[in-house]
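Listed below, chain by chain, are the residues.
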Amino acid sequence: MKPTYLVTGGAGFIGSWFVTAMRQSRTARIVNLDALTYAGNPDNLAELQNDPDHILVHGNINDGELVARLLAEHRPDAVVHFAAESHVDRSILDPDAFIRTNVLGTGVLLGAALRYWNGLPAGRKDRFRFLHVSTDEVFGSLGPQDPPFTESTPYDPKSPYSASKAGSDHLVRAFFATYGLPVLVTNCSNNYGPRQFPEKLIPLMICNAVSGKPLPLYGKGENVRDWLHVEDHCAAIALVLEKGRAGETYLIGGKAERTNLDLVTSLCAVLDRLAPSNAGPHANAITFVTDRPGHDLRYAVSPAKIERDLGWTPKHTLETGLEDTVRWYLANADWVRRVQDGTYRRWMEINYAKR
Ligand code: NAD
Ligand code: TDX
């Protein structure tokens, strides 16, 4: 019989890619618990509209009774936990929501999962997994010449977002060490691809460029990120779920480090080909604005362990991935328009007007 996964945050960017991939490959039946915050979008799940094996539940991971009821009713074989507040700039302006969802919410989910797991019969108990999706930002910032993060890099988070994710990682690991709950933790680098909310660097730059707005780079654009296509990330998560060892952490990275300036310049070159502007090259719109406070200089991830132990390799290159992503945003102007509602415009005003 097909397994059932309880997925949290499956209407967001990465979660919706994972859920859609799991349903298209008929790997699992999905119960998708999502609070549908500004970042959660049922449009992201349009392909699954008539799929009886995808059940979208509008609810909060902090609601322990709801989580317990979903576990009792659907008897999942795994919990795959994506739900989080995920944008660093928002965490700087309002850390409370990050502590509530990322730390407390993960705690509620773990508590409910543990009680459910304790009641499972032996065979199912052995096979059960709680997979926690986390970020490379928990490791802090690298200098230009430092080797990339590995599974043994000490935690050193710097933003309220990364600190809240670090808190959730520690809770997840503690439930393994203390109670034996079979957990898996993945920490990945910056994702990109279709359906990413246009508050994050790449979709923000594409959306601003096509509407003739400035392209705001924080500081001097010197910060370095390691870019991973969301489809490669989701394939890695599926592999960790299937073959990963309980209690282990796996780092996932795209081996594609770029300064923000280099990345946005490449993006502008793609846009010049696919959506040329009458005002001249898109790169002319790059504007250097006040830096993000506590802005981590560089993230880079070594995926050596997941490559060696589980045989994962990314199939996208950054060059083709960026071009596909630009094409998607150009072809999906309706999706973009629908997410750029009043709340979005207020966020753009709050974050960029005074920079
Ligand atoms: P996202 O912001 O696009 O989506 C988050 C989803 O979680 C939304 O659907 C939202 O409605 C839901 N959600 C938020 N609070 C909730 C709550 N209290 N209860 C239930 N649902 C809730 O985020 P994303 O970019 O898809 O990231 C998914 C996960 O991956 C997060 O845990 C994030 O920390 C992690 N991650 C993201 C990246 C990245 O580059 N985007 C990189 C590394 C790790
Ligand atoms: O307008 C901008 N200008 C700019 O220069 C924005 C939104 C970002 N930036 C810079 C800040 C970062 O150096 O671009 C880089 C990427 O920024 P974000 O897209 O906000 O991502 P980042 O802060 O690196 O965090 C992301 O990767 C790790 C995700 O948002 C996290 O959820 C994930 O954990």
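Up top is the structure these notes are about.
Computed from a predicted model, the values in this text were never measured in an experiment.

About the thresholds
- Residues numbered from 1 in each chain as written.
- Chains lettered and ligands numbered in written order.
- Predicted model: local features only at pLDDT ≥ 70, side-chain atom pairs only at ≥ 80, totals over all residues.
- Heavy atoms only, no water.
- Helix = DSSP H or I, 4+ residues; strand = E, 2+ residues; numbered from the N terminus.
- Buried < 20%, exposed > 50% of the residue type's maximum accessible area, 1.4 Å probe, protein only.
- Contact = heavy atoms within 4.5 Å.
- Areas by Shrake-Rupley, 256 points an atom, 1.4 Å probe, with all protein chains shown as cover.
- Near = heavy atom within 4 Å.
- Polar contact = N/O pair within 3.5 Å; in protein donor to acceptor, adjacent residues only side chain to side chain.
- 1 Å grid on protein atoms, 1.4 Å probe; cavity = no way out; pocket = protein on both sides within 12 Å on 5 of 7 lines; lining within 4 Å.
- Points joined across faces, edges and corners; volume = space filled by probe spheres on them.
- Nonpolar A, V, L, I, M, F, W, Y, C, P; charged D, E, K, R; others polar.
- Salt bridge = Lys/Arg side-chain N within 4 Å of Asp/Glu carboxyl O.
- Pairing = 2+ DSSP bridges.
- Axes fitted to C-alpha atoms, helices over the stretch in contact; angles between N-to-C directions.

Draft legend 1. Spatial organisation of the overall build of the protein. On a plain count of helices and strands, the protein comes out with 13 helices and 12 strands. Taking the principal axes of its C-alpha atoms as reference, the protein extends roughly 65 × 45 × 40 Å. Across the 355 residues that make up the protein, the buried fraction comes to 55%. Relative to all contacts within the protein whose residues are 6 or more apart in sequence, the contacts with residues 24 or more apart total 81%. Summed over its atoms, the accessible surface of the protein is roughly 15,200 Å², and 52% of this surface lies on carbon and sulfur atoms.

Draft legend 2. How the structure looks around the site of ligand 2. Around ligand 2 sit 22 residues in total, of which Glu137, Tyr161, Arg292, His295 and Tyr352 are the nearest. A distance of 2.8 Å is found between an oxygen atom of ligand 2 and a backbone nitrogen or oxygen belonging to Leu201. Between ligand 2 and Tyr218, the relevant distance is 2.8 Å, taken from an oxygen atom to a main-chain nitrogen or oxygen of the residue. Taking 650 Å² as the accessible area of ligand 2 by itself, protein coverage stands at 94%. Counting residues per element, the ones that place at least two in the shell around ligand 2 are α3 (88–93), α7 (201–210) and β8 (215–218). If one sorts the elements of the shell around ligand 2 by residue count, β8 sits on top with three residues.

Draft legend 3. Structural context of the layout of surface pockets. Size it by volume and the second largest pocket reaches roughly 490 Å³. Lining the second largest pocket are 22 residues, with Asn208, Ser211, Lys213, Tyr344 and Met348 sitting closest to its centre. Taken together, the elements giving at least two residues each to the lining of the second largest pocket come down to α7, β12 (286–289), α11 (318–331), α12 (333–339) and α13 (342–352). Considering every element that reaches the lining of the second largest pocket, the biggest residue donor is α13, with five residues.

Draft legend 4. Region of the structure containing the site of ligand 1. Lining the immediate surroundings of ligand 1 are 29 residues, of which Ile14, Asp34, Ser86, Tyr161 and Lys165 lie closest. A distance of 3.0 Å separates an oxygen atom of ligand 1 from a polar backbone atom of Gly12. A distance of 3.1 Å separates a nitrogen atom of ligand 1 from a polar backbone atom of Ala35. About the coverage of ligand 1: the protein hides 97% of its 830 Å² of free accessible area. Among the elements that line the shell around ligand 1, the one with the most residues is strand β5 (residues 129–135), at three residues. Among the residues making up the shell around ligand 1, the classes are represented as 13 nonpolar, 14 polar and two charged.

Draft legend 5. The arrangement of the pattern of salt bridges in detail. Per the counting criterion, the structure on display carries 21 salt bridges. A salt bridge links Asp53 to Arg23; the nearest nitrogen and oxygen atoms lie 3.7 Å apart. On the criterion of sequence distance, the pair formed by Asp53 in the loop between β2 (29–34) and β3 (54–58) and Arg23 in helix α1 (residues 13–24) is long-range, its members being 30 residues apart. According to the relative accessible area criterion, Asp53 is partly exposed, its value standing at 22%. A relative accessible area of 3% means that Arg23 is categorised as buried.

Draft legend 6. How the structure looks around the sheet that holds strand β7 (residues 190–192). Overall, mixed pairing links the three strands, which are arranged β7-β9-β11 in an open sheet. Strands at the two margins of the open sheet, each flanked by one partner only, are β7 and β11 (257–259). Geometrically, the sheet is characterised by an average inter-axis angle of 50° between neighbouring strands, direction not taken into account. Across three bridges, β7 lies against strand β9 (residues 224–229) in parallel orientation. In the strand pairing of β9, Asn191 is matched with Leu228. In the packing of helix α8 (residues 230–243) onto the sheet, contacts are made with β7 and β9, and the angle to β9 comes to roughly 70°.

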